[in-house]
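Each chain, written out:
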Amino acid sequence: MIRGDDVTDKPVILWFRQDLRLHDNPALTAAAATGAPIVPVYVLDQGSRVRPRGAASLWWLDKSLRALDAALRDRGSRLILRRGDSETELRRLMAETGADRLYINRQWEPDAAARDSDLAHALKAEGVEVKGWNGSNLMPPGSVLNGSGEPYKVFTPFSKALLAQWTPPPHTLGPRALLTPEDVASDDLDAWGLHPARPDWSTGFDWTPGEAGAISALSRFASGPMADYADGRDHPGRPVTSRLSPYLHFGEVAPWRAVEAARKAAADGKAPVAQAEKFVSEIVWREFSAHLLHHFPHISDHAFRPEYDALPWRDDPKGLKAWTRGLTGYPIVDAGMRQLWTTGWMHNRVRMVVASFLIKHLLIDWREGEKWFWDCLVDADLASNVQNWQWVAGSGADASPYFRIFNPITQGRKFDEDGRYVRRWVPELARLPDRWLHAPWEAPPEVLRDAGVRLGSNYPRPIVEHDAARKRALDALKSVDKVRRDRED
DNA sequence: TTTTGAGTTGTTCGA
DNA sequence: GTCGAACAACTCAAA
């Protein structure tokens, strides 16, 4: 047989986006199976078609791209970096390399999906083969529907339906070797300046981005802390959460690997089934968020329940600033906001408390908080961020009822009962006895003095009073409820 | 079509 | 200190 100038020798472009891993990567597996040379590329596109990444997210991306490049080099390949408009850069790369195939793991966020769809149509019309796989979710968003063919709006039935339909995909190992053309130009990652300088605010970021870090975080979690997950996950001072969220966001581990690890730990007797399934349930919440954003794209910047967009939000720049800086005078809130700023992450329980405080105690639009989280979180994920903020606001699908207003004092006493969390992140209160730690303004003067706390001087007095703020929020939220009832009359 | 049961994470009040 | 009820009905999903 004469091969001649076989078209299969033209390279395949493997466009990495939120799938920065070599194992369990469907697009990579398919690309390797073609036997053709592969051009792995990441395009940094901070343009207008999708929401630009925030600063903490870019910090993570920087390290993750380095890890991916190193893993590819171990296999004789390397990561090609380009910056600019995705379509322009991919067309340029295809022209340079003669590639006529583009393989991707699909992105499900509506804006990214629309961009990809436009790109695929345009390229296909020019004879380019464009293929996509699902590499980021247990089930592709849009594929789980109720008996009437409608999207679920309640978590529990969604979860049951998803887990009933889902079957774990087989493992695929990353290829041992990848052939990549030598002469393809790449940007210099250092020149992208993704790591902060002047000042470097990331010195407290305690993370190992990349696939190896993801696998080790998962196995560490599954072999220990997961056994106490259902209860322990609520206590921010205990190291019981998986801390897998940024790895999942960037696709450094497939979510099905996390589910599999949980179930294997349960089968091996390392964790009770109920504890492992609680963790699986959190993975399914991630699915639910993606599913909701897919079906209801407007929720990225509007309430799922439209009447909530009419809430009489307060314009309060001083309150917002105090919240972002961790200077509200409520220790559990301040601890959370400082953990976020310092480490790029916040414990889930505390995320609810600080979100409830911003929305309900300060009556500030949830979108302000969502924006701040977007910029500060290494795990910033559009679907999850928006869904969770709307859950707290009460404006989302299957959301918290409007009269549920977290009491930051009670939450602190209940979930940070030994004060470990507050003392770590609000050191100026560290010497206060447990009894007063979550409400320092109630402490007798001599207790404050002995602990070195000077309210209004080295730690703020509460910027709002809980009872009054709670009543104000209830009134405002009732007015929303009235809007809805009036409209229905 | 109608009915029925259920619904992530809370707080406050009064007995 | 502990407990149940109220908060406020509503929407969803499935039988």
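Residues numbered from 1 in each chain as written. Chains lettered and ligands numbered in written order. Predicted model: local features only at pLDDT ≥ 70, side-chain atom pairs only at ≥ 80, totals over all residues. Heavy atoms only, no water.

Draft legend 1. Region of the structure containing the protein's contact with DNA strand C. The local shell around DNA strand C holds 12 residues, among which Tyr152, Lys153, Tyr402, Phe403 and Lys478 are the closest. Taking the atoms of DNA strand C that fall within 4 Å of the protein, sugar and phosphate contribute 64% of them. Valine 154 is positioned with one of its backbone polar atoms (N or O) 3.4 Å from a phosphate oxygen of DNA strand C. The element that contributes the greatest number of residues to the surface near DNA strand C is helix α21 (residues 466-488), accounting for three residues. (Near = heavy atom within 4 Å. Polar contact = N/O pair within 3.5 Å; in protein donor to acceptor, adjacent residues only side chain to side chain. Helix = DSSP H or I, 4+ residues; strand = E, 2+ residues; numbered from the N terminus.)

Draft legend 2. Molecular detail of the pairing of strand β4 (residues 101-105). With five of its five residues buried, β4 lies for the most part within the structure. Side chains Arg101, Tyr103 and Asn105 of β4 all project onto a buried face; the interleaved residues Leu102 and Ile104 project onto the opposite face, where all are buried too. Relative to strand β5 (residues 129-133), β4 runs parallel, the two sharing five bridges. Counted as the bridge partner of arginine 101 is glutamate 129 from β5. Once the chain exits β4 it traverses helix α4 (residues 110-125) before rejoining the sheet at β5, and the crossover so formed is right-handed. (Buried < 20%, exposed > 50% of the residue type's maximum accessible area, 1.4 Å probe, protein only. Pairing = 2+ DSSP bridges. Right-handed = clockwise from strand over helix to strand, strands pointing away.)

Draft legend 3. Region of interest: helix α1 (residues 26-33). Among the residues of α1, those classed as buried are Ala27, Leu28, Ala30 and Ala31. For α1, the angular spread of buried residues about the axis comes to 165°, placing them on one side. Structurally, α1 contributes buried residues whose contacts are with β1 (12-16), β2 (38-44), β4 and β5. Just beyond α1, the residue with positive phi is glycine 35, at close to 80°. (Arc of directions from axis to C-beta. Contact = heavy atoms within 4.5 Å.)

Draft legend 4. Focus on helix α17 (residues 408-415). Along α17, the residues classified as buried are Pro408, Ile409, Gln411, Gly412 and Phe415. Around the axis of α17, the buried residues are gathered within 165° of arc, so they sit on the same side. At the N-terminal end of α17, a side-chain oxygen is found 2.9 Å from the backbone nitrogen of isoleucine 409, two or three residues along, and the residue is asparagine 407.

Draft legend 5. Molecular detail of the sheet that holds β4. Pairing is parallel across the open sheet formed by five strands, whose spatial order is β3-β2-β1-β4-β5. Here the strands that pair on one side only, and so sit at the sheet edges, are β3 (80-83) and β5. Direction aside, neighbouring strands of the sheet carry axes that sit 25° apart on average. Bridge count for β2 against β3 is four bridges, and the pairing is parallel. (Axes fitted to C-alpha atoms, helices over the stretch in contact; angles between N-to-C directions.)

Draft legend 6. Seen up close, the confidence of the model for chain A. Of all residues in chain A, 97% have pLDDT values of 70 or greater, and the mean over the chain is 93. Counted against residues more than four places away or in other chains, residues 1-7, with its pLDDT under 50, gives three contacts. (pLDDT = per-residue confidence, 0-100.)

Draft legend 7. Molecular detail of the environment of serine 400. Mapping serine 400 onto the fold places it in the loop between α16 (382-393) and α17. Since its relative accessible area comes to 4%, serine 400 is described here as buried. The spatial distance from the C-alpha of serine 400 to the C-alpha of glycine 149 is 25 Å, given a sequence separation of 251 residues.

Draft legend 8. Inspection of the environment of leucine 382 at higher detail. Mapped onto the elements, leucine 382 comes out in helix α16. Accessibility expressed as a relative area gives 9% for leucine 382, which makes it buried. Between the alpha carbons of leucine 382 and serine 300 there is a distance of 7.2 Å; along the sequence they are 82 residues apart. Look past the residues within four positions of leucine 382 in its chain and what remains in contact with it is Arg51, Glu109, Leu293, Ser300 and Trp374.

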